[in-house]
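# Inside the fold
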Amino acid sequence: MIRRKILYIFILAVCFWFVMLYTYQELRFLLAILLCVPVLCPIPLAVQRRKTEVVISGIPDYVTRGESIRLRVTVTYKGRLPLAGLRIRGIWQAYGEKPLRVENRMQGMSGRTERELEFELPAEHCGAAEFTVVKAKIYDCLCLFSVSVSGKQVRKLLITPKLSPVPDSEVGLIMKLLRTHSEEDEGDFFVRDYRPGDSPRSIHWKLTAKEDELQVKDFEPDRQVSLFLNMTDRLRGNPEQKDVFLDRACSLMVFLAEVCGDRAVICWMQDGVLQRNRIREPGDIYPCIRKLISVEKTGVTDPRGQAVRCMLTGCHLEENGRLYFGEQCVDEE
């Protein structure tokens, strides 16, 4: 648009120069047209501005890290005269990334129609992200003048970790250590008949072979299985390490919710206070993940400090992504 304005000014200067040299009536008429047409162009824009709406649409609440986000901006034009063009500028701000300035244009739009402009945005790290429409302008057919049609709009979303199943090599060991650390062997679970929806991992195979009917191990409802996420404020300065930690933490969270049912309790420190979140049903998993990702300050600088020392005697996940039961590391078994 700036080049068009410079070219227009240059043509006007040439016409003035010819008018000064010659007295041809045609040159004066041409100069009058060049002066009048741009003056008349902003008049339709003033009417079209009130008939144009720009709204951010099609943005999800959650998106998995590493996926490409396709965000849509809906343009609704209710006027009768054709719209020459529209330009939208935005800023994409995500955790651990530099602000990304994006721009998209649309040429020509007939009256009383609706169209969409699409922006493809990256999602590299877990955390909160937002897309802001900074400017949305329509311009005339000569691209010399433009007017704003929309104010600043902001839409937020959450980039969640990558969930992966717990390796089969670790499932048996984790279940064994869970029973060992919850209390003693007797009393951590009782056996009942299989019900549709029960996890195959909870089947008591030895008793099933004796009874010839599927029997499952069901934990007592008053007994909790806690997973402590031992993270500190040091993770904020290292997005890559934080991604590894959150991927592992959320995968274990889903695993425990599936195996332990409503007994699973996920704990972490936030602003120096221990937060406990009980997973009672599958619908509680993503709200719990959202709370975990939204933690800005844990209030803990030393992962072995006094505030978290009592939690390290049970099941806990360290910042390096290793799972421990007391002093015993699952990854080293």
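See the structure shown above.
Quick caveat, the model's predicted, so the values are computed rather than measured. (Residues numbered from 1 in each chain as written. Predicted model: local features only at pLDDT ≥ 70, side-chain atom pairs only at ≥ 80, totals over all residues. Heavy atoms only, no water.)

## Re the sheet that holds strand β1 (residues 52–57)
- If you walk across this open sheet you meet the 3 strands as β1-β3-β6, and the pairing is antiparallel. Each end of this open sheet is capped by a strand with a single partner; those strands are β1 and β6 (113–121). Strand-to-strand twist of the sheet, defined as the mean angle between neighbouring strand axes without regard to direction, takes the value 20°.
- Bridging between β1 and strand β3 (residues 69–77) involves 6 bridges; their strand directions are antiparallel. Paired with Val55 across the bridge in β3 is Thr74. (Pairing = 2+ DSSP bridges. Helix = DSSP H or I, 4+ residues; strand = E, 2+ residues; numbered from the N terminus. Axes fitted to C-alpha atoms, helices over the stretch in contact; angles between N-to-C directions.)

## Observations regarding helix α6 (residues 239–260)
- The terminal C-alpha atoms of α6, which comprises 22 residues, lie 31 Å apart, in line with the 32 Å expected from a rise of 1.5 Å per residue.
- Most of α6 sits inside the fold, with 17 of its 22 residues counted as buried.
- A positive backbone phi angle near 65° is found at Gly261, which sits one or two residues after α6. (Expected span 1.5 Å × (residues − 1). Buried < 20%, exposed > 50% of the residue type's maximum accessible area, 1.4 Å probe, protein only.)

## Comments concerning the side chain of Arg248
- Along the chain, the position of Arg248 falls in helix α6.
- Classification of Arg248 as buried rests on a relative accessible area of 16%.
- From its side chain, Arg248 meets the backbone oxygen of Gly321 in a polar contact 3.2 Å long.
- Contact partners of Arg248, with chain neighbours within four places excluded, come to Glu170, Leu317, Gly321, Leu323 and Asp331. (Polar contact = N/O pair within 3.5 Å; in protein donor to acceptor, adjacent residues only side chain to side chain. Contact = heavy atoms within 4.5 Å.)

## Some details on the pattern of salt bridges
- Summed over the entire model, instances satisfying the criterion amount to 8 salt bridges.
- Residue Arg89 pairs with Glu103 through a salt bridge whose shortest N-O separation is 3.2 Å. Taken together, the residues Arg89 in strand β4 (residues 83–94) and Glu103 in strand β5 (residues 100–109) connect sequence positions 14 residues apart.
- Judged by its relative accessible area of 34%, Arg89 is partly exposed.
- Owing to a relative accessible area of 40%, Glu103 belongs among the partly exposed residues under this scheme.
- Ionic contacts of the salt-bridge type, sharing partners, join the residues Arg70, Glu118 and Glu120 into one network. (Salt bridge = Lys/Arg side-chain N within 4 Å of Asp/Glu carboxyl O.)

## Quick word on a nonpolar patch on the surface
- On the surface, a nonpolar cluster with roughly 260 Å² of combined accessible area is contributed by Tyr62, Leu163 and Tyr286.
- Among the secondary structure elements, Leu163 is positioned in the loop between β9 (153–160) and α4 (168–182).
- Under the relative-accessibility criterion, Leu163 is labelled partly exposed at 41%. (Patch = residues over 30% accessible without salt bridge, like charges linked within 9 Å, V, L, I, M, F, W, Y side chains within 5 Å. Areas by Shrake-Rupley, 256 points an atom, 1.4 Å probe, with all protein chains shown as cover.)

## Structural notes on the packing of aromatic side chains
- Under the defined criterion, the tally for this structure stands at 2 aromatic pairs.
- Taking the centre distance of 5.4 Å and the plane angle of 45° together, the rings of Phe119 and Phe131 count as tilted. Placement of Phe119 in strand β6 and of Phe131 in strand β7 (residues 127–139) is noted, with a sequence separation of 12 residues between them.
- Of note, Lys242 hangs over the ring of Tyr95, and the distance from its end group to the ring centre comes to 4.6 Å. (Phe/Tyr/Trp six-rings, centres within 6.5 Å; stacked < 30°, edge-to-face > 60°. Lys NZ or Arg CZ within 6 Å of the ring centre and 35° of its normal.)

## So, a positive patch on the surface
- Taken together, the side chains of Arg50, Lys51, Arg80 and Arg112 make up a positively charged region of the molecular surface.
- With respect to the element layout, Arg80 can be found in the loop between β3 and β4.
- Assessed through its relative accessible area of 69%, Arg80 is described here as exposed. (Lys, Arg positive; Asp, Glu negative; His and termini not counted. Charge placed at Lys NZ, Arg CZ, Asp CG, Glu CD.)

## Considering the pairing of β7
- As paired elements, β4 and β7 share 10 bridges and run antiparallel to each other. Each residue of the ladder has a partner; that of Ala94, found in β7, is Ala129.
- In this sheet, β9 lies alongside β7 in antiparallel orientation, the contact comprising 7 bridges. Pairing of Phe131 across the sheet is with Arg155, part of β9.
- Summarising the sheet, β7 and strand β8 (residues 146–150) pair through 4 bridges and their orientation is antiparallel. Bridge pairing in β8 links Lys137 to Ser148.
- The antiparallel pairing of β7 with β8 creates a hairpin that spans 6 residues between the two strands, and Cys143 there sits at a positive phi of about 55°.

Geometry only, nothing functional implied.
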